[in-house]
Amino acid sequence: MTIFKKIIDKEIPADIVYEDDICLAFRDITPQAPQHILIIPKKEISSLNKVTSEDKELLGHMLLMASEIAKKINISEDGYRLVINTNSHGGQSVNHLHMHVIGGRQLSWPPG
Ligand code: AMP
């Protein structure tokens, strides 16, 4: 079981900013910017590699949530970045699909 599943099950605490039947959003414990939120599906999917066409609605839902959360935490206008790290080269450290919403400062590009 991953740490994110334990957060979903409320076995360990998290600073939750949004929750519905499909997804959960909470603040990253090691923020890389003034605003750093993680959006995860409640369904256990280990990475973006494992999604199927059955997950279309869920994936769309996660993007809509990102847009709504960005508005709610006031980073929409200045801008922000969505990141889904996948497997080793992507730097994925928790094997439960998650999308980073990062903002609140100027972000550099390209990534290192
Ligand atoms: P990734 O490296 O893309 O797999 O991202 C995993 C993220 O989860 C990292 O940014 C961690 O800081 C974050 N993280 C790990 N454990 C927790 C936790 N208990 N609560 C909130 N964020 C966490």
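What counts, and at which threshold
- Residues numbered from 1 in each chain as written.
- Predicted model: local features only at pLDDT ≥ 70, side-chain atom pairs only at ≥ 80, totals over all residues.
- Heavy atoms only, no water.
- Helix = DSSP H or I, 4+ residues; strand = E, 2+ residues; numbered from the N terminus.
- Near = heavy atom within 4 Å.
- Polar contact = N/O pair within 3.5 Å; in protein donor to acceptor, adjacent residues only side chain to side chain.
- Areas by Shrake-Rupley, 256 points an atom, 1.4 Å probe, with all protein chains shown as cover.
- 1 Å grid on protein atoms, 1.4 Å probe; cavity = no way out; pocket = protein on both sides within 12 Å on 5 of 7 lines; lining within 4 Å.
- Sits in = over half its atoms within 2 Å of the grid points.

A. Highlighting unusual backbone geometry. The peptide bond linking W109 to P110 adopts the cis configuration, its omega dihedral lying at 5°. In this structure, P110 sits in the segment after β5 (99-103). Phi at N87 takes a positive value of approximately 55°, unusual for a residue other than glycine. Structurally, N87 is set in helix α3 (residues 87-90).

B. Summary view of the site of the ligand. Of all residues adjacent to the ligand, which total 15 residues, the nearest are D28, N85, S93, H98 and H100. Separating an oxygen atom of the ligand from a backbone N or O atom of G91 is a distance of 3.1 Å. H100 places a side-chain nitrogen or oxygen 2.8 Å from an oxygen atom of the ligand. Bound to the protein, the ligand loses 84% of the 510 Å² it would expose on its own. In this structure, the ligand is accommodated by the largest pocket.

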